[in-house]
Amino acid sequence: MKIKIEYITTSVETEISIRCNSNPDEKTKSLICQLQLFINYVVGYKDGEAHKLSLQDVFYIDCVDEKTFFYLEFEVFETQLKLYEWENQLKDTSFVRINKSTILNTDKLKSVRSLFGGKMEVTMINEEKLVISRHYLSGFRQKFGV
Amino acid sequence: MNKKTIKDCILIDCISFTIVAVTIATLAYIPNTAMTITSSTYLQLFGCTTLVSVLMYFTSKIRIESQIVENLILLFDIASVVFCVGGGVFKWFPWEIKYVVIITAILTMVFFVTNFIMVWQNNAMAKAINEKIEAHKNE
């Protein structure tokens, strides 16, 4: 895979184009999905108002009392989709399911540590801590190729 | 159960079986503390550790907030297999207070040692992941 970046001195809208086979490999598919994360917006609801959000700003998606929420660094928005629907939509991106009720954005990770009972604890860049359950540990490892 | 989960179950099974086998072999040197060990006993032991590993897989799917309660439930899984299958079906030990206390101490020890080995193994994985996170930040 070759990367070519063209810096232009005049003010132009950034354009990203990917040239690949009609049946791209897994690496390329993952790259395309990750780029779409940057570009695409989702709708989150707060105090009855709809807000346009970038998935890149979402730290994790959590399900509480059968409602699903986007957790950003300092704010929380509700989403209409269910957790499993987000899991399917985000499967080739930096998001990974870490327990029954949480999907984590691995781009917002600061560190991980091992816990008793085969679990792991992650610390996000805003110092928030989440627990990866044993069943979802293998999926989490795969995201890092470990 | 995916391949990785099966691999984890086998790993826990083998670690716990090894610890139990070594403990019982060691106890054989202390008079009146150990059961009579034959080759079929080791096969029965392996069957029981396998059963415990599978039971723990299903039990840990239950969402429990408290770490202490979760560990107690996992200990209960081990105790139920050891006492019901080991003591009840295979008759490894007589049902006397002395043997029940010894068996309870052994299974508790095996539980904690197995978990510490898993923590030790996961520490290596955590280190590798932290290195990748650092490398990604520095890009």
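Coordinates for the structure precede this section.
Residues numbered from 1 in each chain as written. Chains lettered and ligands numbered in written order. Predicted model: local features only at pLDDT ≥ 70, side-chain atom pairs only at ≥ 80, totals over all residues. Heavy atoms only, no water.

Draft legend 1. Structural context of the pairing of strand β4 (residues 67–71) of chain A. Residue and element names in this part refer to chain A. Along β4, 4 of the 5 residues are buried, which leaves the element largely enclosed by surrounding structure. Alignment of strand β3 (residues 60–64) against β4, held across 5 bridges, turns out to be antiparallel. Bridging from a neighbouring strand, Tyr 60 pairs with Tyr 71 of β4. As consecutive antiparallel partners, β3 and β4 are separated by 2 residues, and within that stretch Asp 65 has a phi angle of approximately 50°, a positive value. As defined by bridge partners, β4 adjoins strand β5 (residues 76–79) across 4 bridges and the pair is classed as antiparallel. Residue pairing in the sheet places Phe 69 in a bridge with Glu 78 of β5. Counting the residues between successive antiparallel strands, the hairpin from β4 to β5 contains 4 residues. (Buried < 20%, exposed > 50% of the residue type's maximum accessible area, 1.4 Å probe, protein only. Helix = DSSP H or I, 4+ residues; strand = E, 2+ residues; numbered from the N terminus. Pairing = 2+ DSSP bridges.)

Draft legend 2. Local environment of the pattern of salt bridges. Residues and elements named next belong to chain A. Scanning all chains against the criterion turns up 5 salt bridges over all chains. Salt-bridge contacts for Arg 97 lead to Glu 87; the nearest nitrogen and oxygen are separated by 2.6 Å. In this pair, Arg 97 sits in strand β6 (residues 95–99) while Glu 87 sits in helix α2 (residues 83–89), placing the two residues 10 residues apart along the sequence. Judged by relative accessible area, Glu 87 falls into the partly exposed class, the value being 30%. Here Lys 110 ties to Glu 127 by a salt bridge, and the two come within 2.7 Å at their closest N and O atoms. Note that Lys 110 is positioned in strand β8 (residues 109–114) and Glu 127 in the loop between β9 (120–124) and β10 (129–132), a separation of 17 residues in sequence. (Salt bridge = Lys/Arg side-chain N within 4 Å of Asp/Glu carboxyl O.)

Draft legend 3. Representation of the sheet that holds β8(A) within the structure. Taken in spatial order, the 3 strands of this open sheet run β8-β9-β10 (chain A), and their pairing is antiparallel. Strands with a single pairing partner mark the edges of an open sheet, and in this sheet they are β8 and β10 of chain A. Ignoring strand direction, the axes of neighbouring strands in this sheet form an average angle of 25°. Two strands pair when backbone bridges link them, and β8(A) and β9(A) are joined in this way by 5 bridges, in the antiparallel orientation. In the sheet register, A:Val112 faces β9(A), and the bridge partner there is A:Val122. On the sheet, helix α4 (residues 97–137) of chain B packs against β8 and β9 of chain A and is oriented at approximately 170° with respect to β8(A). (Axes fitted to C-alpha atoms, helices over the stretch in contact; angles between N-to-C directions. Contact = heavy atoms within 4.5 Å.)

Draft legend 4. Fine view of the packing of aromatic side chains. Across all of its chains, the model carries 13 aromatic pairs over all chains by this definition. A ring pair is formed by A:Tyr60 and A:Tyr71, whose centres lie 4.6 Å apart and whose planes are at 10°; its orientation type is stacked. With A:Tyr60 in strand β3 and A:Tyr71 in strand β4, this residue pair connects regions lying 11 residues apart in the sequence. Each ring, one from A:Phe70 and one from A:Trp86, has its centre 5.2 Å from the other, and the planes form 65°; the classification is edge-to-face. Taken as a pair, A:Phe70 in strand β4 and A:Trp86 in helix α2 lie far apart in primary sequence, 16 residues in all. Of the two residues, A:Phe70 and A:Trp86, both sit in the buried class. Clustering of aromatic rings is evident, with ring pairs tying together A:Phe116, B:Phe111, B:Phe112 and B:Phe116. The cationic tip of A:Lys52 hangs over the ring face of A:Tyr41; the distance from NZ or CZ to the ring centre is 4.7 Å. (Phe/Tyr/Trp six-rings, centres within 6.5 Å; stacked < 30°, edge-to-face > 60°. Lys NZ or Arg CZ within 6 Å of the ring centre and 35° of its normal.)

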